[in-house]
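Examination of the molecular architecture
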Amino acid sequence: MNSNRLFRNTNNKMIGGVASGLADYFQIDVTIVRVLFVMAIFIPFSFPIVLFYIILWIVMPDIAKQPKSLEERHISS
């Protein structure tokens, strides 16, 4: 696992920056995370993915609201 912190990336967002932040954290392409979120909406789970996304949107801090040094370290890594 990497040592980066988990943030919403509102610089590369479609809705809330959750998928972009998860992609940055796991160091994968953001398109893959977005496609997985969309596919998960249509798969019946006991826990709705839309609710999960909203919870992540609320809980994950926004990287744009962090001090510049933290934001620069996150983007450069």
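The structure presented is a predicted model; accordingly, all values stated were derived computationally and were not measured. (Residues numbered from 1 in each chain as written. Predicted model: local features only at pLDDT ≥ 70, side-chain atom pairs only at ≥ 80, totals over all residues. Heavy atoms only, no water.)

**Comments concerning the overall build of the protein**
Within the protein, the regular secondary structure consists of 4 helices and 0 strands. Tracing the protein from N to C terminus, the helices and strands come up as α-α-α-α. In the protein, buried positions account for 36% of the 77 residues. Considering only residue pairs separated by 6 or more positions, the protein has 48% of its internal contacts joining residues 24 or more positions apart. When the accessible surface of the protein is totalled, it reaches about 5,400 Å², and 66% of it is carbon and sulfur. (Helix = DSSP H or I, 4+ residues; strand = E, 2+ residues; numbered from the N terminus. Buried < 20%, exposed > 50% of the residue type's maximum accessible area, 1.4 Å probe, protein only. Contact = heavy atoms within 4.5 Å. Areas by Shrake-Rupley, 256 points an atom, 1.4 Å probe, with all protein chains shown as cover.)

**Brief notes about the environment of A40**
One can find A40 in helix α2 (residues 30-42). Its relative accessible area of 13% is what places A40 among the buried residues. Note: C-alpha distance between A40 and V50 (10 residues apart in sequence) is 9.0 Å.

**Focus on the packing of helix α1 (residues 18-26) against helix α3 (residues 49-59)**
Two numbers describe a pair of packed helices, the interaxial angle and the distance between the axes. Orientation of α1 relative to α3, taken along the N-to-C sense of each, is 75°, at an axis distance of 10 Å. Between α1 and α3, the interaxial angle falls into the category roughly perpendicular. From α1, V18, A19 and L22 reach across to α3, where they touch Y53, L56 and W57. Classifying every residue of the contact of α1 with α3 gives 6 nonpolar, no polar and no charged. (Axes fitted to C-alpha atoms, helices over the stretch in contact; angles between N-to-C directions. Parallel < 35°, antiparallel > 145°, perpendicular 65-115°, else oblique. Nonpolar A, V, L, I, M, F, W, Y, C, P; charged D, E, K, R; others polar.)

**Examining unusual backbone geometry**
In this structure, Q27 takes a positive phi of about 55° despite not being glycine. As for its position among the elements, Q27 is in the loop between α1 and α2.

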